[in-house]
Amino acid sequence: MLYAKAKTSGAERARRMLMSRGLLSKEHLVMRKAERVYFPLVSLNEKDKKLIESEGLDIVRLPAALRGSKRRSHEMEISKLLDEKEKKLLARGFDQYGSIAVIDIDDALRHKEKEVARAIMDSNQNIKTVVAKAGPVHGIYRTREYRYVAGRRTFMAEHRENGCTFRFDVRKAFFSNRLSYERARVRDLSKPKENVMVMFAGVGPFAIEIAKANKDSKVVAVELNRDAYRYMLGNIALNKTSNVSAILSDVKELPPEYDNYADRIIMPLPQSSLEFLDDAFRIAKDGATVHLYMFGKKEEAPDMVKLAVRESAKRNGAKVSFLFSREVRPYSSKEVEIVVDFRIRRRRPG
Ligand SMILES: C[S@@+](CC[C@H](N)C(=O)[O-])C[C@H]1O[C@@H](n2cnc3c(N)ncnc32)[C@H](O)[C@@H]1O
């Protein structure tokens, strides 16, 4: 079990950094010993390790005897239930949306899923319900089927992220906690008094987090799925972000009043964002910043996006400059999700 070691004086900053990047393990206790604070970590890749070290934190292994004993880890509990072969059939860890834990369990292990769920609930008091993924994210609304497994019988999550609360039925609208760092990043880049267009807004996380941080910005959030739109309206009220206008529409059918509207555009539909580039050029003001998300092979995705953006710029008589690009998360064995930030410059007439 790895921990990030921080001095007590820098502990709060370290905690916030690890939380915002989804690196803090929720299944283990934070430990304090001799003027140092030890934060339990989720499993890390090389990039995560470099990031943590670049923040001046040491990554250390704590002996079992020193680790928190109040809460038993779900991994320890599950170890007792499953043999080595069976453990491979349970994807590592679980995703958490409010009090709902989502497990990914192979059909061959289904006879043990209730015991696995009990172990998760026993080791984490915040989890009241366990559901299992029952299919891939699919369709234009990017939703997924889930199966109830144990605990309180509900699919309604009340999830906290970056200081905002989101209520939604996990079966009826897309939401991924793996994008929380990106949402904080884009929120932090947003400036006061901007007109922001969030295409593909889902239950509202990008729009609401930006609007909450910039009360004098106007945020327009466009969503096609009626259920997601309905939850977004509730979330706007819940977070008191009356500067968000939710629109139930296809982005392609936005009326001309949004031409030349936005200082910032967010395009979080990674399987087909590129199909909406001409719409982004139509909606962008001169100087607008765009944050575009896309799936693709790690080595090829940034160049593929840049090529499509340049071609769209040409069609729309504009120029672009690329500002930033990063890998957001792994998507499948071969593909990753990336983000590319770019600026649009309209050519001056004449
Ligand atoms: C990957 S989800 C992103 C949701 C949200 N931005 C988030 O970060 O959780 C994409 C969303 O785009 C919506 N969508 C798909 N095609 C659309 C279109 N043509 N116009 C508007 N929304 C669309 C889907 O219903 C889905 O909620």
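In what follows, the structure referred to is the one given above.
So, here's what we can say about the structure.

The rules behind these values
One numbering rule holds for all chains: residues counted from 1, following each sequence as written. In keeping with the model being predicted, local features are shown solely for residues with a pLDDT of at least 70 and side-chain atom pairs are shown and tallied solely at 80 or more, while totals for entire chains, interfaces and linings include all residues. Here an angle of 0 to 180 degrees is reported between the N-to-C directions of two axes, which are lines fitted to C-alpha atoms, with helices fitted over the stretch in contact. For the purposes of this entry, the term helix denotes a DSSP run of H or I that reaches at least four residues, the term strand denotes a run of E that reaches at least two, and both are numbered from the N terminus. An angle counts as roughly parallel when it lies under 35 degrees, as roughly antiparallel when it exceeds 145, as roughly perpendicular when it falls between 65 and 115, and as oblique in every other case. Take the far helix as the reference: if the near one is turned anticlockwise from it by less than a right angle, the crossing is left-handed, and if turned clockwise, right-handed. The contact criterion used here is simple: two residues whose C-beta atoms, placed from the backbone, lie within 7 Å are in contact. Three classes are used, and their members are as follows: Ala, Val, Leu, Ile, Met, Phe, Trp, Tyr, Cys and Pro are nonpolar, Asp, Glu, Lys and Arg are charged, and the others, Gly among them, are polar. At least two bridges found by DSSP between two strands is the condition for calling them paired.

**So, the packing of helix H6 (residues 180-189) against helix H7 (residues 205-213)**
With their axes 9 Å apart at the nearest point, H6 and H7 run at an angle of 40° to one another. If you check the angle between H6 and H7, you find them oblique. Taken as a pair, H6 and H7 cross one another with a handedness that is right-handed. When H6 is examined against H7, the residues Arg183, Val186 and Arg187 are found in contact with a partner set consisting of Pro205, Phe206, Glu209, Ile210 and Ala213. For the contact of H6 with H7, the per-class residue count stands at 5 nonpolar, no polar and 3 charged.

**Things to note about the sheet that holds strand E15 (residues 284-297)**
Two modes of strand pairing occur in sheets, parallel and antiparallel, and in both the strands are linked by backbone hydrogen bonds. Strands sit in the order E13-E12-E11-E14-E15-E17-E16 across an open sheet of 7 strands; the sheet is mixed. Either end of the sheet is taken by a strand with one partner, and the two such strands are strand E13 (244-248) and strand E16 (318-330). Strand-to-strand, the axes of this sheet are offset by a mean angle of 15°, without reference to chain direction. By the bridge criterion, 5 bridges tie strand E12 (residues 218-223) to E13 in an arrangement that is parallel. Bridge pairing in E13 places Val220 opposite Ser245. Across the sheet, H7 touches strand E11 (195-198), E12, E13 and strand E14 (262-267), and the angle it forms with E12 is around 175°. Of the strands in this sheet, E12 and E13 are in contact with helix H8 (residues 226-238), which crosses E13 at around 165°.

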